[in-house]
Amino acid sequence: MSRVPTCVLSSFEAPRILHGHDPGLFVQIGSLTKTLTATVLTALAGSGVLALDDPLERFLPAPVGTGITLRHLAEHTSGLPRLPEGIRGRDPYAGFDDRALDSVVRRLDTLATAPAGSTEEYSNLGYALLGAALVAATRTPYEELLRRHLLDPLGVTDVTADPPAGVRLCRRGLFGRPRRPWTMTGAILPAGGLWATPRAAASLVTGLLVDRRLGEPAPAWQKAGRLLWHNGATRGASVFAGAVPQGWILVHRLSGASAATDKLALDTLRAAVRPA
């Protein structure tokens, strides 16, 4: 049986750190990044910088008439596909830079698979566009927006797009060498490119979902009954974060097999909240 480095942090039990994981090192958090991007959106809306129902073309050179708003992007109801065109290969997002995103923006009217607001389809592309719109609206780099509107207010520091190699924890290959992670510092960053220590990610979960120090959770969080959750996966890492009224959990594994990470988190939650 594979010994996958695993970190389980929760309010239900002592930390479980298995097979060489380290909650103090930076790991890729994949699409958990989306919850942070959406939190910046709601903070900017709350301060009047923009409105959730502003059309995308107010901030980016999108064709007029797509009907796509910032809210649609945040709630995955934009009608846009899951991925931009040309995302493939061993490092699929490496070529998806600002120039590639601009090319996509200018022909959004040809890419939509459904009218905006009519259906829900999870979209990494949508969150790349949302992040670009927030940057354009404020003329502020994405990571600076995170710091001002999310990290500093919560007192969290260990979240970044590009941590030094010496403090990264990456999956290792057959001969023990660290596998090269996906390049996600380009236009895809707001959709899934951040790194964080598991301890920092747990602080975000408690600050946003339990203590709600920045108000109601942002629209990126998924709902299943009373559970608020989000997961994420890259080539070599996967994460699940969630909270119920009884407590919270964060699971990170150095494996891109997100289904197994989700199952571990949900099984732990069910065992913890099961009636006596």
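Rules of the game
- Residues numbered from 1 in each chain as written.
- Predicted model: local features only at pLDDT ≥ 70, side-chain atom pairs only at ≥ 80, totals over all residues.
- Heavy atoms only, no water.
- Helix = DSSP H or I, 4+ residues; strand = E, 2+ residues; numbered from the N terminus.
- Expected span 1.5 Å × (residues − 1).
- Buried < 20%, exposed > 50% of the residue type's maximum accessible area, 1.4 Å probe, protein only.
- 1 Å grid on protein atoms, 1.4 Å probe; cavity = no way out; pocket = protein on both sides within 12 Å on 5 of 7 lines; lining within 4 Å.
- Points joined across faces, edges and corners; volume = space filled by probe spheres on them.
- Nonpolar A, V, L, I, M, F, W, Y, C, P; charged D, E, K, R; others polar.
- Pairing = 2+ DSSP bridges.
- Axes fitted to C-alpha atoms, helices over the stretch in contact; angles between N-to-C directions.
- Contact = heavy atoms within 4.5 Å.
- Phe/Tyr/Trp six-rings, centres within 6.5 Å; stacked < 30°, edge-to-face > 60°.

Under an unreviewed UniProt entry, the protein has the name Serine hydrolase and belongs to Streptomyces griseofuscus.

Let us now look at helix α1 (residues 33–46). Under the 1.5 Å per step criterion, the end-to-end length of α1 is 20 Å for 14 residues, consistent within 8% with the ideal 20 Å. Within α1, ten of the 14 residues are buried, which leaves the element mostly enclosed by the surrounding structure. Inspection of α1 places Thr-33, Lys-34, Thr-35, Leu-36, Thr-37, Ala-38, Thr-39, Val-40, Leu-41 and Leu-44 among the buried residues, and these make up the whole buried set. Just downstream of α1, Gly-48 is the residue with a positive phi angle, here 85°.

Summed over all chains, the structure comprises one cavity of 30 Å³ or more. Roughly 40 Å³ of volume is contained in the largest cavity. Forming the boundary of the largest cavity are Ile-29, Leu-32, Thr-35, Leu-36, Ala-201, Leu-204, Val-205, Leu-208 and Trp-221. By residue number, the principal contributor to the lining of the largest cavity is helix α7 (residues 198–210), which donates four residues. Its residues placed into classes, the lining of the largest cavity shows eight nonpolar, one polar and no charged.

One key point about sheets: their strands pair by backbone hydrogen bonds, in either a parallel or an antiparallel sense. Judged by pairing direction, the sheet is antiparallel, and its six strands sit side by side in the order β2-β1-β9-β8-β7-β6 without closing on themselves. Two strands lie at the open edges of the sheet, namely β2 (16–18) and β6 (222–224), each paired on one side alone. Strand-to-strand twist across the sheet, computed as the mean angle between neighbouring axes with direction ignored, equals 15°. Note: strand β1 (residues 6–10) against strand β9 (residues 247–253), five bridges, orientation antiparallel. Following the sheet pairing, Leu-9 is matched in β9 by Leu-250. Sheet strands in contact with helix α8 (residues 258–273) are β1, β2, β7 (227–233), β8 (238–244) and β9, and its direction is about 25° off that of β8.

Of all seven residues that make up β9, seven are buried, and the element is covered over most of its length. As paired elements, β8 and β9 share seven bridges and run antiparallel to each other. Its bridge partner lying in β9, Gly-242 is registered against Ile-249.

In this structure the tally under the stated criterion is two aromatic pairs. Between Tyr-93 and Trp-182, the aromatic rings sit 6.0 Å apart at their centres with planes inclined by 70°, giving edge-to-face as the arrangement. You can see Tyr-93 sitting in the loop between α2 (70–74) and α3 (98–105) and its partner Trp-182 sitting in the loop between β4 (159–160) and α6 (189–192), a full 89 residues away along the chain. Residue class for Tyr-93 comes out buried when judged on its relative accessible area of 7%. Among the residues examined, Trp-182 registers a relative accessible area of 22% and is labelled partly exposed. Ring centres of Trp-229 and Phe-240 lie 5.7 Å apart, and the angle between their planes is 5°; this geometry places the pair in the stacked category. Of this pair, Trp-229 sits in strand β7 while Phe-240 sits in strand β8, placing them eleven residues apart in sequence. Looking at Trp-229, the relative accessible area reads 21%, which means it is partly exposed. Residue class for Phe-240 comes out buried when judged on its relative accessible area of 2%.

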